[in-house]
Every structure is written in structure tokens, then in C-alpha cells.
Amino acid sequence: MSASQEQQRGFEPATGDGPAVPKADGGRAGEVRTAFEGMLQIRRLTGAGRVDPEGVPAPWELHRPLRAVALALEAAGIPASAVGPAGERSATGYRVCEGEASGSVRVEWAGPPGSGAAHEEDEALTGCAAVLRRLGWTALLYRGPRRRRFLEVEPPPAARH
């Protein structure tokens, strides 16, 4: 994809279901930083009068929780998983997808077969939960099928009104 096609498409945070995000890509790091700072600015503007306006998701985040959660994790420097051209998992990291409840997001720790992702998930997801909780999200750790852990992330009750 050319730079002009990328600009026309707009910035999209890594969800863990796309191609690998280059680690040393200064342009990508700048886009993530700009998007995250923009999100915090929106929180300050829409949360004026709150004790901690940056500590509660803004209304746009409630309408796009998958995007907001993915942005928060990428901005925190947590690696995203990735999928190769044939659909195979090609990198270990977070994977963000729609949660079971409306408005919720599921965060998993995924990796290629044999990568050890299952052994890393408890510590990695605990780190993801800490990042999200600092930003006002409710993040609960669960054990799912095959004893794999995942986070269920949703806005705090105060933000849903």
C-alpha cells in the first residue's frame, strides 16, 4: 500500500488480526502517539467538570470500544499479535475482538503454534488490564475453553449514562 493510500484510509490501531506492525517504524509510532493524544484531548473536552476527565472513556470510545481498547494497548507499547498472508498467526501479542456483551471487547494473548503464548498470557493479560484500568475501563480476567485466559473489557458503569 502506498503512503497516499494509507493516508486516505486513515489510522487504524493494531487489533492483532492484521499484518505485523513494524517495531522500528517511526512513522507508525508517531501516528499512534498522535491518535492517543487526540483521544486524551477528547476525554478532557467531553469530561470537563469531572475530577479526572482523562480517567473515563469518552462517548466516541463507547461507540467504538474495539478501536479505543486497541489504541490504548498499542500506545502503551504492548505488542499486537499478527496474521500472515495465508491467515496463519505470525506474531505473539494481544488480539482485540468483539466481546460477548454489547459494547464489550475481548482481549486475548495469541501467537503462532509453539510460540509459548499460552504460557505468557497470565502475565501479559495482567499488564493489558492494568493499562486499560488506568484509562477507566473495567477489565476482568476470565478462563475460557481449553483453560486459556482472556480479558472482558467494558466501560465503567458511570460512563454508560
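## A short note on the overall build of the protein
- What the protein contains, in helices and strands, is five helices and six strands.
- Reading the secondary structure of the protein in the N-to-C direction produces α-α-α-α-β-β-β-β-α-β-β.
- Against the globule reference of 15 Å for 161 residues, the protein gives a C-alpha radius of gyration of 16 Å, in line with a compact fold.
- Each principal axis of the C-alpha atoms in the protein carries an extent, and together these give about 50 × 45 × 25 Å.

## Re the pairing of strand β3 (residues 93–98)
- Among the six residues of β3, five are classified as buried, and the element is accordingly described as predominantly covered.
- As judged from the six bridges shared by β3 and strand β4 (residues 105–110), these two strands associate in the antiparallel manner. Bridging from a neighbouring strand, Cys 97 pairs with Arg 106 of β4.
- Linkage of β3 to β4, two consecutive antiparallel strands, is achieved through a turn of six residues, within which Gly 103 is found at a positive phi near 85 degrees.

## Some points on the sheet that holds strand β6 (residues 149–154)
- Read across the open sheet, the four strands follow the order β3-β4-β6-β5; overall the sheet is antiparallel. Each edge of the open sheet carries a strand with a single partner, namely β3 and β5 (138–143). Each neighbouring strand pair of the sheet contributes to a mean axis angle of 30 degrees, computed without reference to strand direction.
- This element, helix α4 (residues 65–75), spans β3, β4 and β6 of the sheet and lies at about 170 degrees to β3.

## Some details on the packing of aromatic side chains
- By the definition in use, this model includes one aromatic pair.
- Across the ring face of Phe 150, the terminal group of Arg 106 is positioned such that the distance to the ring centre comes to 3.6 Å.

## A few points about the pattern of salt bridges
- The final tally for this structure, using the stated rule, is ten salt bridges.
- In this structure, the salt-bridge partner of Arg 28 is Glu 74, at a minimum N-O distance of 2.9 Å. Taken together, the residues Arg 28 in helix α2 (residues 26–46) and Glu 74 in helix α4 connect sequence positions 46 residues apart.
- On the accessibility criterion, Glu 74 (13% relative accessible area) is buried.

## A few points about the side chain of Ser 81
- Relative to the assigned elements, Ser 81 resides in the loop between α4 and β1 (82–83).
- Polar contacts involving the side chain of Ser 81 include one to the main-chain carbonyl oxygen of Ala 91, which spans 2.6 Å.
- Excluding anything up to four places from it in sequence, Ser 81 contacts Gly 16, Arg 89, Ala 91, Thr 92, Gly 93, Tyr 94, Ala 110 and Gly 111.

Calculation rules
Residues numbered from 1 in each chain as written. Predicted model: local features only at pLDDT ≥ 70, side-chain atom pairs only at ≥ 80, totals over all residues. Heavy atoms only, no water. Helix = DSSP H or I, 4+ residues; strand = E, 2+ residues; numbered from the N terminus. Rg over C-alpha atoms; globule rule 2.2 N^0.38 Å. Buried < 20%, exposed > 50% of the residue type's maximum accessible area, 1.4 Å probe, protein only. Pairing = 2+ DSSP bridges. Axes fitted to C-alpha atoms, helices over the stretch in contact; angles between N-to-C directions. Contact = heavy atoms within 4.5 Å. Phe/Tyr/Trp six-rings, centres within 6.5 Å; stacked < 30°, edge-to-face > 60°. Lys NZ or Arg CZ within 6 Å of the ring centre and 35° of its normal. Salt bridge = Lys/Arg side-chain N within 4 Å of Asp/Glu carboxyl O. Polar contact = N/O pair within 3.5 Å; in protein donor to acceptor, adjacent residues only side chain to side chain.

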